[in-house]
Amino acid sequence: MGKLIIGIFLLCVAAAVVSLETYMNPEIFKKAVPLQQQPQIIPNANISSIPVTSQTAAPIAVTNVRPEDYFEIEKLVAQNITLQEGNLSKAVFRHAELQDYVDPFYLVTFLIKENDKTIGTVSRIIPTEEMSAGRLLSLVRKKLFSSISPDDSSLITLSESLNTRGEANFYLNDAKNFPNMIFLVTRSGTKVLALQFSREYNDRVAQILPLFFQ
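A quick note: this is a predicted structure, and the numbers were derived from the prediction, not measured.

Student: What exactly am I supposed to notice about the overall build of the chain here?
Tutor: Scanning the chain from terminus to terminus reveals four helices and nine strands. Traced from its N-terminal end to its C-terminal end, the chain shows the element sequence α-α-β-β-β-β-β-α-β-β-β-β-α. Classification of the 214 residues of the chain by burial places 36% in the buried group. Counting only contacts in the chain whose residues sit at least 6 apart along the sequence, the fraction spanning at least 24 positions is 50%. Counting every atom, the chain has about 14,100 Å² of accessible surface; 55% of that belongs to carbon and sulfur.

Student: Before we go on, may I ask you to explain helix α4 (residues 202–212) in this structure?
Tutor: Along an α-helix, residues three or four positions apart point the same way, because every turn accommodates 3.6 residues. Inspection of α4 places Arg204, Val205, Ile208, Leu209, Leu211 and Phe212 among the buried residues, and these make up the whole buried set. Burial along α4 is one-sided: seen end-on, the buried residues are contained in an arc of 150 degrees. Exposed residues lying more than 90 degrees from the buried face of α4 are Asp203 and Gln207. The secondary structure elements touched by the buried residues of α4 are α2 (73–78), β1 (81–89), β4 (105–114), β5 (117–127), β8 (181–188) and β9 (191–198).

Student: Hey, could you run me through the confidence of the model for the chain in this one?
Tutor: Any segment with low pLDDT has predicted coordinates that should not be analysed in fine detail. On average, residues of the chain score 80 in pLDDT, and 71% of them are at 70 or above. Looking across the chain, the model is least confident in helix α1 (residues 2–24), with a mean pLDDT of 49, and most confident in β9, with 98. Within the model, pLDDT remains below 50 along residues 25–56, and this stretch shows 13 contacts once partners closer than five positions in the same chain are excluded.

Student: Would you explain unusual backbone geometry in this entry?
Tutor: Trans peptide bonds make up the majority, and among non-glycine residues the majority have a negative phi. Although it is not a glycine, Glu85 adopts a positive phi angle of roughly 55 degrees. Inspection of the secondary structure assignment puts Glu85 in strand β1. With a phi close to 55 degrees, Asn115 is a non-glycine residue in the positive phi region. Considering the arrangement of structural elements, one finds Asn115 in the loop between β4 and β5. By relative accessible area, Asn115 is classed as exposed at 57%.

Student: Would you mind showing me how to read the sheet that holds β9 here?
Tutor: Adjacent strands of a sheet form backbone hydrogen bonds with each other and so pair up, either parallel or antiparallel. In spatial order, the strands read β1-β4-β5-β9-β8-β7-β6; together these seven strands make up an open sheet with antiparallel pairing. Strands with a single pairing partner mark the edges of an open sheet, and in this sheet they are β1 and β6 (156–158). Between one strand and the next, the sheet's axes are offset by a mean angle of 20 degrees, whatever the strand orientation. Packed onto the sheet, helix α3 (residues 133–147) meets β4, β5, β6, β7 (168–174), β8 and β9 and runs at close to 155 degrees relative to β8. Lying over the sheet, α4 contacts β1, β4, β5, β8 and β9, oriented at roughly 160 degrees with respect to β9.

Student: Sorry if this is basic, but what is going on with the pattern of salt bridges here?
Tutor: Any two side chains of opposite charge can pair if their charged atoms end up close together. Across all of its chains, the model carries six salt bridges by this definition. With a closest N to O distance of 2.9 Å, Arg204 and Glu114 form a salt bridge. Here Glu114 lies in strand β4 and Arg204 lies in helix α4, a separation of 90 residues in the sequence. Across this residue pair, the class does not change: Arg204 and Glu114 are buried. Notably, a salt bridge pairs Lys176 with Asp152, separated by 2.9 Å at the nearest N-O pair. With a gap of 24 residues between them, Lys176 in the loop between β7 and β8 and Asp152 in the loop between α3 and β6 connect regions that are remote in the sequence. What makes Lys176 partly exposed here is its relative accessible area of 44%. In this structure, a network of salt bridges that share partners links the residues Arg66, Glu68 and Asp69.

How each quantity is defined
Residues numbered from 1 in each chain as written. Predicted model: local features only at pLDDT ≥ 70, side-chain atom pairs only at ≥ 80, totals over all residues. Heavy atoms only, no water. Helix = DSSP H or I, 4+ residues; strand = E, 2+ residues; numbered from the N terminus. Buried < 20%, exposed > 50% of the residue type's maximum accessible area, 1.4 Å probe, protein only. Contact = heavy atoms within 4.5 Å. Areas by Shrake-Rupley, 256 points an atom, 1.4 Å probe, with all protein chains shown as cover. Arc of directions from axis to C-beta. pLDDT = per-residue confidence, 0-100. Pairing = 2+ DSSP bridges. Axes fitted to C-alpha atoms, helices over the stretch in contact; angles between N-to-C directions. Salt bridge = Lys/Arg side-chain N within 4 Å of Asp/Glu carboxyl O.

And the structure:
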């Protein structure tokens, strides 16, 4: 019986010591909390610096836009055609502005020159995610259609899909701003192109267009 009383007394003393230690030094028991349960505190955190992710890839960064990376230029040169001043376009033609992380394609654009005379531009439309050329053509048409305001719908129109240029194509007709320009989007094989040129060069562009698809 005496041993039981002594044991109870020692337990009470131990409990008192633990309580006193907790009161005097509360941080010592926080170390027992697993790390993954501790809140993460980032001093001076700036929420604007946190990157935003997206399911759609951003346009590929191209620092040196060379025509030979997008077209077989030898046969074009044989026709006295050169491609110059390559750049990443910010819009489909002048009409549909592209948005990074939103539009699933971007354009690489070159001036088309014949004997140093500019006859128009050609853009290779590049998808930022895997898709067929047919679907890409459809998405470009949808983008252009969405950029036409109701007030301009009688003057800026899109043609139905045709197959007079490449395997499939359509035209944007802008009688309001560019009545003498032809805006053509066309596909063949795996390539989708956007061309703009003066109507006076329509026959010449029709002659050289197959070379852009090779």
